[in-house]
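Next come the chains, spelled out residue by residue.
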Amino acid sequence: MDEMAYCIYGENKHYGTPRNPCAPDRVPGGSSSGSAVAVGAMLVDFSLGTDTGASVRLPASYCGILGFRPSHDTVSTVGVLPFAQSFDTVGWFARDPVILNLVGRVLLHLPDADPTRPTQIIIPEDCFCLSSVPSERTAQILVKSVEKLFGGQFVKHVILGDYVKDNVPSLQHFMDKENEGQEYDIPSLAALSSVMQLLQRYEFKSNHAEWVTKVNPDLGPGISGRVWKAIRTTQENIDICNSVRSELRAALTALLGDHGILAIPTAPGDPPKLQTDPATLARFRARAFNLLSIAGLSGFCQVSIPLGMHNNLPVSISLLAKHGSDAFLLSIVETLYDTLKGEIAMLRE
């Protein structure tokens, strides 16, 4: 097993770790680390990657490039070895929003269309509090750009954790059981993370348990523990997990409408340093999946957009749109990008 999965950091004990072109002492993100580094290092104009839990979005954020996770089941995964098929997607990286859009239109078989204005840009204040990067370097840049392009009436502020808690009733089971005695900044999103990871472990076991137990492959640190935890997973609570997924998609679809955008931090902070101790990485991973599980469980499309450097490290923001709105989201990125760059440039003056 070459470990092209089950790692959000991109470190690989077998082949070495691709060098992050933005921050050589930091991880490049994974598992599609090589694809992201190739784009970030200007070796190629675009590349493909797989994203089940985070493997396009985080590498894009850490390497300072654009990364798109499409709506689930909209880009063919024929020929891709399944990890957890109800989450697996084929995404892509680019440095330029025009190329990102062109690649998406090919993969998604989309016709050319005029850009559509968003009806609202939703800023979940609690999600931005999860990030160690100041909101003036992320959310406020987006808000100023949206105000310039569309007007301030398009911006809406919410507390996403409360909305999810109130509108995903099956999630209460996991808030009571899975998260008992644990501290999370946003309990309902931590519960979403628990649901997503349980479903992924169950599907991974169905796909790969026979091979793992027969071969007992040489797995890297961290990955080995996650793989064997998946192998020991039972079917308990799987039906409730699927109810959570259905309720979440319905709730977020109602929140966004046809042309609404949800903005969140792509990651909870700076890319970790290479060879960070496992306990620190575990805490970072837990916070990251509070954010990453939103698109993962709902099946919504998500794009990570670079916002320059802060303290010499790459910064990004993510935009999400409802399932099937990939063309709309790609168009919004292209429309916003130059204005976002202008706001970033003003910060440096």
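One structure accompanies this document, and this report is about it. A quick note: this is a predicted structure, and the numbers were derived from the prediction, not measured.

Per the secondary structure count, the protein chain includes 12 helices and eight strands. Compactness check: the protein chain gives a C-alpha radius of gyration of 19 Å against a globular reference of 20 Å for 349 residues, within 12% of the reference. Referenced to the eigenvectors of the C-alpha coordinate spread, the extents of the protein chain come out at roughly 60 × 45 × 40 Å. Here the protein chain holds 349 residues, and 56% of them are scored as buried. Long-range contacts, defined as pairs at least 24 residues apart, comprise 76% of the intrachain contacts of the protein chain with a sequence gap of at least 6. Averaged over its 29 positive side-chain charges, the protein chain has a centre that lies 3 Å from the centre of its 36 negative ones.

Glancing now at empty space enclosed by the protein. The tally for this structure, following the rule as stated, stands at one cavity of 30 Å³ or more. Roughly 110 Å³ of volume is contained in the largest cavity. What lines the largest cavity is a set of 14 residues, among which Val-133, Ala-267, Gly-269, Val-315 and Ser-316 lie closest to the centre. Contributions of two or more residues to the lining of the largest cavity are made by helix 2 (57-63) and strand 8 (313-321). Looking at which element gives the most residues to the lining of the largest cavity, the answer is strand 8, with three residues. Of the residues contributing to the lining of the largest cavity, the split by class is eight nonpolar, six polar and no charged.

What follows is about the side chain of Ser-293. Relative to the assigned elements, Ser-293 resides in helix 11 (residues 278-298). If we ignore the near neighbours within four places in the chain, the residues touching Ser-293 are Leu-189, Leu-192, Ser-193, Met-196 and Ser-298.

It is worth spelling out the packing of aromatic side chains at this point. Tallied over the full model, the rule gives three aromatic pairs. Centroid distance Phe-83 to Phe-204: 5.1 Å. Interplanar angle 50°. Geometry classified as tilted. Within this pair, whereas Phe-83 is found in the loop between strand 2 (66-69) and strand 3 (89-94), its partner Phe-204 is found in helix 8 (residues 187-215), the two being separated by 121 residues in sequence. Phe-204 sits in the buried class, given a relative accessible area of 2%. One cation-aromatic arrangement involves Arg-245 over Phe-87; the distance from NZ or CZ to the ring centre is 4.8 Å.

A few words on the pattern of salt bridges. Tallied over the full model, the rule gives seven salt bridges. For Asp-25, the salt bridge identified is with Arg-26, shortest N-O distance 3.9 Å. Judged by its relative accessible area of 42%, Asp-25 is partly exposed. Arg-26 gets classed as buried once you look at its relative accessible area, which sits at 16%.

Now for the pairing of strand 8. Within strand 8, nine of the nine residues are buried, leaving the element largely enclosed by the surrounding structure. Relative to strand 8, strand 6 (residues 260-264) runs antiparallel, the two sharing three bridges. Note that in strand 8 the partner of Leu-262 across the bridge is Leu-320. Summarising the sheet, strand 7 (residues 301-310) and strand 8 pair through eight bridges and their orientation is antiparallel. Residue pairing across strands places Cys-301 opposite Ala-321, the latter belonging to strand 8. With antiparallel pairing between neighbouring strands as the criterion, strand 7 and strand 8 make up a hairpin whose turn holds two residues, including Asn-311 at a positive phi of roughly 55°.

Cut-off values and rules
- Residues numbered from 1 in each chain as written.
- Predicted model: local features only at pLDDT ≥ 70, side-chain atom pairs only at ≥ 80, totals over all residues.
- Heavy atoms only, no water.
- Helix = DSSP H or I, 4+ residues; strand = E, 2+ residues; numbered from the N terminus.
- Rg over C-alpha atoms; globule rule 2.2 N^0.38 Å.
- Buried < 20%, exposed > 50% of the residue type's maximum accessible area, 1.4 Å probe, protein only.
- Contact = heavy atoms within 4.5 Å.
- Lys, Arg positive; Asp, Glu negative; His and termini not counted.
- Charge placed at Lys NZ, Arg CZ, Asp CG, Glu CD.
- 1 Å grid on protein atoms, 1.4 Å probe; cavity = no way out; pocket = protein on both sides within 12 Å on 5 of 7 lines; lining within 4 Å.
- Points joined across faces, edges and corners; volume = space filled by probe spheres on them.
- Nonpolar A, V, L, I, M, F, W, Y, C, P; charged D, E, K, R; others polar.
- Phe/Tyr/Trp six-rings, centres within 6.5 Å; stacked < 30°, edge-to-face > 60°.
- Lys NZ or Arg CZ within 6 Å of the ring centre and 35° of its normal.
- Salt bridge = Lys/Arg side-chain N within 4 Å of Asp/Glu carboxyl O.
- Pairing = 2+ DSSP bridges.

Worth remembering: the numbers are spatial, not functional.
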